[in-house]
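# Coordinate inspection notes
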Amino acid sequence: MRSTVVTFPEGQVSGYSEIVGSVPTGVRHGLVTALTPFHPLDHTWPDQPADLGTIGGLPVVDCVTGAMSADGEVLLGEDIPVRRGAEGWEWLVVHVTDTPIEVGTQVELAVDAAYRQSLSAGHTACHLAALALNAALAGHWRKESRLDALGHPDFDQSAITSSRITPNGSLDEYRLGKSLRKKGFSAEGLDLDEVAGRANDTLKTWVGADAPVWIDVPGPGLTARRTWHCALPEGEVSIPCGGTHVERTSRLGSVTVALSLSEDGSALTMRTTVAPGG
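Residues numbered from 1 in each chain as written. Predicted model: local features only at pLDDT ≥ 70, side-chain atom pairs only at ≥ 80, totals over all residues. Heavy atoms only, no water.

Our next topic: the overall build of the protein chain. Within the protein chain, the regular secondary structure consists of four helices and 17 strands. Here the protein chain has a C-alpha radius of gyration of 20 Å; the compact-globule value for 278 residues is 19 Å, and the two agree. For the protein chain, the spread of C-alpha atoms along the three principal axes comes to 60 × 40 × 35 Å. Within the span of the protein chain, comprising 278 residues, buried residues form 48% of the whole. Across the protein chain, contacts joining residues at least 24 apart in sequence account for 66% of those joining residues at least 6 apart. Of the accessible surface of the protein chain, which amounts to about 12900 Å², a share of 50% is contributed by carbon and sulfur atoms. (Helix = DSSP H or I, 4+ residues; strand = E, 2+ residues; numbered from the N terminus. Rg over C-alpha atoms; globule rule 2.2 N^0.38 Å. Buried < 20%, exposed > 50% of the residue type's maximum accessible area, 1.4 Å probe, protein only. Contact = heavy atoms within 4.5 Å. Areas by Shrake-Rupley, 256 points an atom, 1.4 Å probe, with all protein chains shown as cover.)

This is how it looks when you write it as structure tokens:
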């Protein structure tokens, strides 16, 4: 098998291809095609869930990243022992089904477009919310620090521990510990309602600007280093990203964030919500 050609970065949700391999996935079957529109769960940063849909008319119950070593062994998801894109490995999109399909069969692949759209909206909103949060927290930095694409201290990348895209939303977790304080961030006097209010005002402006969003796609492989771009009123921003996105900020309708602290104050949670057409 050769590395899967993927078309989801261009927004494709359907296509035809040949089954080129079958990989055991417990009691289920992992089907590999030469080309696919399906976005799989990434094994290194599993923020965006896998697409759902059908392959050859069969429900795709999961879609995961696979990696085939030089000796032909295929490993899936968390069992992959190398970093994304490591040389000497073929990188595969594995469509998990309850029923097998014979290798060599030509099949139609159809992604659940509504579910994909909800994840794309959640992912775009997640990036915008991170940038808006950076701006809202800029006054809490006491030292020079790395800056984001808009010139604000990059709280998001300095403190994030996990990010999960959900249909029309996201959930981001940040650590407010000793290492962040050493970097210069102070949580003293942190008013979450005020910070969220500033971030939401920024998000309202960005959604209303109908800013174009696009993905730079350097190659057709699953592990190509893709980059998310958005032409915001303050300037163009870019973030490395392998997920899917909406085409313009106006497609989000409205985006709001809510912030909360853990009981001991060591962790900050940001929940982002998209209201399409709002």
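Helical geometry: 3.6 residues make up each α-helical turn, so side chains three or four residues apart lie on a common side. Here helix 1 (residues 113-136) contains 24 residues, and its C-alpha end-to-end distance of 34 Å stays within 8% of the 34 Å for a straight helix at 1.5 Å per residue. Burial of helix 1 is extensive: 19 of the 24 residues sit out of reach of the surface. Two to three positions downstream of the cap, the backbone nitrogen of Ala-114 sits 3.3 Å from a side-chain oxygen, assigning the N-cap of helix 1 to Asp-112. (Expected span 1.5 Å × (residues − 1). Polar contact = N/O pair within 3.5 Å; in protein donor to acceptor, adjacent residues only side chain to side chain.)

Let's shift gears to the packing of aromatic side chains. Following the criterion strictly, the structure yields three aromatic pairs and no others. Taking 5.1 Å as the distance between ring centres and 45° as the angle between the ring planes, the aromatic pair formed by Phe-155 and Phe-185 counts as tilted. Residue Phe-155 is found in helix 2 (residues 155-159), and its partner Phe-185 is found in the loop between helix 3 (178-183) and helix 4 (192-208); the two are separated by 30 residues along the sequence. Phe-185 matches Phe-155 in its accessibility class, with the two residues each being buried. Following the ring pairs from residue to residue traces out a cluster consisting of Trp-141, Phe-155, Tyr-174 and Phe-185. (Phe/Tyr/Trp six-rings, centres within 6.5 Å; stacked < 30°, edge-to-face > 60°.)

For sheets, the rule is that strands pair by backbone hydrogen bonds, running either parallel or antiparallel. What the four strands build is an open sheet, ordered 11-12-17-16; its pairing is antiparallel. Looking at strand neighbours, the two that pair on one side only are strand 11 (160-166) and strand 16 (255-261), the edges of this open sheet. When the angles between neighbouring strand axes are averaged without regard to direction, this sheet yields 15°. The pairing of strand 12 (residues 169-175) with strand 17 (residues 267-274) spans seven bridges and is classified as antiparallel. (Pairing = 2+ DSSP bridges. Axes fitted to C-alpha atoms, helices over the stretch in contact; angles between N-to-C directions.)

So, on to the layout of surface pockets. A volume near 1100 Å³ is recorded for the largest pocket. Lining the largest pocket are 39 residues, and of these Trp-45, Ile-239, Pro-240, Cys-241 and Gly-242 lie nearest its centre. Listing elements by their share of the lining of the largest pocket, those giving two or more residues are helix 1, helix 2, strand 11 and strand 15 (235-240). Per-class residue counts for the lining of the largest pocket are 14 nonpolar, 14 polar and 11 charged. Considering only enclosed or pocket space, the second largest pocket measures out at about 230 Å³ in volume. Taken together, 17 residues line the second largest pocket, and the ones lying closest to its centre are Pro-9, Glu-10, Gly-11, His-245 and Glu-247. Broken down by element, the residue count for the lining of the second largest pocket peaks at four residues, all from helix 1. Here the residues of the lining of the second largest pocket sort into eight nonpolar, six polar and three charged. (1 Å grid on protein atoms, 1.4 Å probe; cavity = no way out; pocket = protein on both sides within 12 Å on 5 of 7 lines; lining within 4 Å. Points joined across faces, edges and corners; volume = space filled by probe spheres on them. Nonpolar A, V, L, I, M, F, W, Y, C, P; charged D, E, K, R; others polar.)

Turning next to the sheet that holds strand 14 (residues 227-232). Ordered by their spatial adjacency, three strands build an open sheet running 13-14-15, and the pairing between neighbours is antiparallel. The open sheet terminates on both sides in strands that have one partner only, identified here as strand 13 (213-216) and strand 15. Neighbouring strand axes in the sheet, compared pairwise and without regard to direction, differ in orientation by 25° on average. Relative to strand 14, strand 13 runs antiparallel, the two being bridged by four bridges. Bridge assignment links Asp-216 to a residue of strand 14, and that residue is Thr-227.

Here five bridges tie strand 2 (residues 14-25) to strand 10 (residues 106-111), and the two strands are oriented antiparallel to one another. Within strand 10, the residue paired with Gly-15 across the bridge is Leu-109. Pairing of strand 2 with strand 3 (residues 28-33) involves six bridges; the strand directions are antiparallel. Across the sheet, Thr-25 pairs through a bridge with Arg-28, a residue of strand 3. Counting the residues in the hairpin turn of strand 2 and strand 3 gives two residues, including Gly-26, whose phi is positive at 70°.

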